[in-house]
Amino acid sequence: MSTILIVDDDITARETLVAMLDGNDYEIHIAKDGFQALKLLETLQTDLVLLDIMMPGMDGYEVCRRIRAIQKVAEVPIIILTALDDRNSLLRGIESGADDFLTKPIDRHELVARVRTILRLNRYHNLVEQRENIRKMAERVVTAQEQERQNISRELHDDLGQALTMHMITLRNLQNGLPVSPQEMTEKLQVLHNQIFEIFGKVKGLAHDLRPPSLDTLGVRTAMYNYCIEFTRTTGIPVAFEADEDFPSLPDIYNITLYRVLQETLTNVAKHANANQVWADLTVEDKTINLTVQDNGQGFKMENSSTGIGLTGLRERLTLIGGKFNISSSPVRGTIILAQFTIPETEKLPESL
């Protein structure tokens, strides 16, 4: 269902437009002036604005210009409704950002036809944009996967591979050098043991980075808590982690998304924030999962928030599960990151097979 916002100070004109559009399966919202329209657009996701020109306080031209300046709704189609049909008025409408014009008194058939055409074109534009965004997102996902594989390959070849090669040489030297004294043999075997134990730790670390075992055995809530403890141990930055006791069971993709958001956010804190305290909260409110991570560090400029510290990847992770990602930062209060998504509806299991 398409959403239409009608902006007109004349109650009769508003009711007439509503009546003309009735029966076309539109969700219609009303604003009696430009100020109310701009206020509504802060929260309303509209597909079309029908905008009167002659209004007190703020005329339609100014409303149109202000809508185009709001990033969230800058691309919404706007049809200007006006009794003025002179060339200068139409030019002013174009300059202010209008997409189309209808001259009063409005003809019902023309109104319905214009609205349908613009909504159809707007849906096509949105579909093309969404497809392009999905294509770019998939491309970045593939690139990230290849980079991760490259990193793992380098770790296996340059670090673990070389260490195992050295052990093979050492074992061969021991074999060729037999017999040796028991004390010398004990010392050499102890060195090998220590080195193999170190390799084991690196293999375990690689496996944990690929997928933490605690996610499968203990659940996302405990896995995130354990990660915060480990983060504090390795960085010295205290993390106060709190989570709802009755946190729901979620499908795997949601669990790993929450874990990766926490992981990437804390990594950014360690690298960039210069903070000495972090707070992480995992809550459920009105069927919505909220993960909030806040630090008391130096913050950063919000215009640079989309690049350089992995935030694009976090936004894309949330987008893939239909969630939202918000960030707020300032030098005074540090950085606050909020990841949100609605608890997915689980399919009802059959009562009997």
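Whatever comes next refers back to the structure up there.
So, a few notes on the structure that sits alongside this text.

## Considerations on the overall build of the protein
Part 1 of the reasoning: From N to C terminus, the protein includes 10 helices and 10 strands.
Part 2 of the reasoning: Looking at the 353 residues of the protein, the share that counts as buried comes to 36%.
Part 3 of the reasoning: Intrachain contacts of the protein at a sequence separation of at least 6 include 64% that bridge at least 24 residues.
Part 4 of the reasoning: When the accessible surface of the protein is split by element, carbon and sulfur atoms take 54% of a total near 21,800 Å².

## A look at the nonpolar core
Part 1 of the reasoning: With 38 residues, the main nonpolar core has Met-224, Leu-258, Leu-262, Leu-266, Leu-282, Leu-291 and Phe-341 as its most contacted residues.
Part 2 of the reasoning: Elements represented by at least two residues in this core include exactly helix 8 (220–235), strand 6 (239–243), helix 9 (252–273), strand 7 (278–285), strand 8 (288–295), helix 10 (311–320), strand 9 (324–330) and strand 10 (334–342).
Part 3 of the reasoning: For this core, the leading source of residues is helix 9, giving 9 residues.
Part 4 of the reasoning: Leaving out residues up to four positions away in the same chain, Met-224 has contacts with Phe-241, Leu-258, Tyr-259, Leu-262, Leu-282 and Leu-291.
Part 5 of the reasoning: The next biggest cluster of nonpolar side chains, apart from the first, holds 22 residues, and it includes Leu-44, Leu-51, Ile-53 and Ile-67.

## Quick look at the sheet that holds strand 1 (residues 2–7)
Part 1 of the reasoning: The 5 strands lie next to each other as 2-1-3-4-5, forming an open sheet whose pairing is parallel. The two strands at the open ends of the sheet, each matched to only one other strand, are strand 2 (26–31) and strand 5 (100–103). Across the sheet, the mean angle separating the axes of adjacent strands is 20 degrees when strand polarity is ignored.
Part 2 of the reasoning: Here strand 1 pairs with strand 2 via 6 bridges, running parallel. Opposite Ser-2, over in strand 2, you have Tyr-26 as the bridge partner.
Part 3 of the reasoning: Each of strand 1, strand 2, strand 3 (48–52) and strand 4 (78–82) is contacted by helix 1 (residues 11–21), which is oriented at about 175 degrees to strand 2, the strand it contacts most.
Part 4 of the reasoning: Sheet contacts for helix 3 (residues 60–68): strand 3 and strand 4; angle to strand 3, the most-contacted strand, approximately 155 degrees.

## Some remarks on the pairing of strand 7
Across a regular strand the side chains alternate sides, sitting on one face of the sheet and then on the other.
Part 1 of the reasoning: Of the strand pairs in this sheet, strand 6 and strand 7 are connected by 5 bridges, and their pairing is parallel. Within strand 7, the residue paired with Ala-240 across the bridge is Trp-279.
Part 2 of the reasoning: Bridge count between strand 7 and strand 8: 8 bridges; the pairing is antiparallel. When the sheet's bridge partners are listed, Thr-283 is paired in strand 8 with Asn-290.
Part 3 of the reasoning: Remark: 2 residues form the turn of the hairpin made by strand 7 and strand 8, two consecutive strands paired antiparallel; Asp-286 in that turn has positive phi of roughly 50 degrees.

## Concerning the environment of Ala-280
Part 1 of the reasoning: Relative to the elements of secondary structure, Ala-280 occurs in strand 7.
Part 2 of the reasoning: For Ala-280, a relative accessible area of 0% corresponds to the buried category.
Part 3 of the reasoning: Placed 38 residues apart in sequence, Ala-280 and Glu-242 show a C-alpha to C-alpha distance of 6.3 Å.

## Section: the sheet that holds strand 9
Part 1 of the reasoning: Strand order in the open sheet formed by 5 strands is 6-7-8-10-9, and the pairing between neighbours is mixed. Of all the strands in the sheet, the pair left with one neighbour each is strand 6 and strand 9. The mean angle between the axes of side-by-side strands here comes to 10 degrees, regardless of whether they run parallel or antiparallel.
Part 2 of the reasoning: Pairing between strand 9 and strand 10: 7 bridges, direction antiparallel.

## Comments concerning the side chain of Asp-295
Part 1 of the reasoning: Its location among the elements puts Asp-295 in strand 8.
Part 2 of the reasoning: Notably, Asp-295 is buried but unbridged: the nearest opposite-charge side chain belongs to Arg-333, and the N-O separation is 9.0 Å.
Part 3 of the reasoning: Reaching out from Asp-295, the side chain makes a polar contact with the backbone nitrogen of Gly-297 at a distance of 2.7 Å.
Part 4 of the reasoning: Here Asp-295 is in contact with Val-269, Ala-273, Ala-275, Gln-277, Val-278, Trp-279, Arg-333, Gly-334 and Thr-335, once residues within four sequence places are set aside.

## Some thoughts on the packing of helix 3 against helix 4 (residues 87–96)
Part 1 of the reasoning: Between helix 3 and helix 4, the least distance of the axes is 8 Å, while the angle of their chain directions is 20 degrees. Judged by the angle between their axes, helix 3 and helix 4 are roughly parallel. Considering how the two elements wind past one another, helix 3 and helix 4 form a crossing that is right-handed. Contact with helix 3, carried on its side by Tyr-61, Cys-64, Arg-65 and Arg-68, involves Ser-89, Arg-92, Gly-93 and Ser-96 of helix 4 and no other residues of that element.
Part 2 of the reasoning: Class assignment of the residues belonging to the contact of helix 3 with helix 4 gives a composition of 2 nonpolar, 3 polar and 3 charged.

About the cut-offs
Residues numbered from 1 in each chain as written. Predicted model: local features only at pLDDT ≥ 70, side-chain atom pairs only at ≥ 80, totals over all residues. Heavy atoms only, no water. Helix = DSSP H or I, 4+ residues; strand = E, 2+ residues; numbered from the N terminus. Buried < 20%, exposed > 50% of the residue type's maximum accessible area, 1.4 Å probe, protein only. Contact = heavy atoms within 4.5 Å. Areas by Shrake-Rupley, 256 points an atom, 1.4 Å probe, with all protein chains shown as cover. Core = buried A, V, L, I, M, F, W, Y, C linked by side-chain atoms within 4.5 Å. Pairing = 2+ DSSP bridges. Axes fitted to C-alpha atoms, helices over the stretch in contact; angles between N-to-C directions. Lys, Arg positive; Asp, Glu negative; His and termini not counted. Salt bridge = Lys/Arg side-chain N within 4 Å of Asp/Glu carboxyl O. Polar contact = N/O pair within 3.5 Å; in protein donor to acceptor, adjacent residues only side chain to side chain. Parallel < 35°, antiparallel > 145°, perpendicular 65-115°, else oblique. Left-handed = near helix turned anticlockwise from the far one by under 90°. Nonpolar A, V, L, I, M, F, W, Y, C, P; charged D, E, K, R; others polar.

Nothing here speaks to function; it is all geometry.
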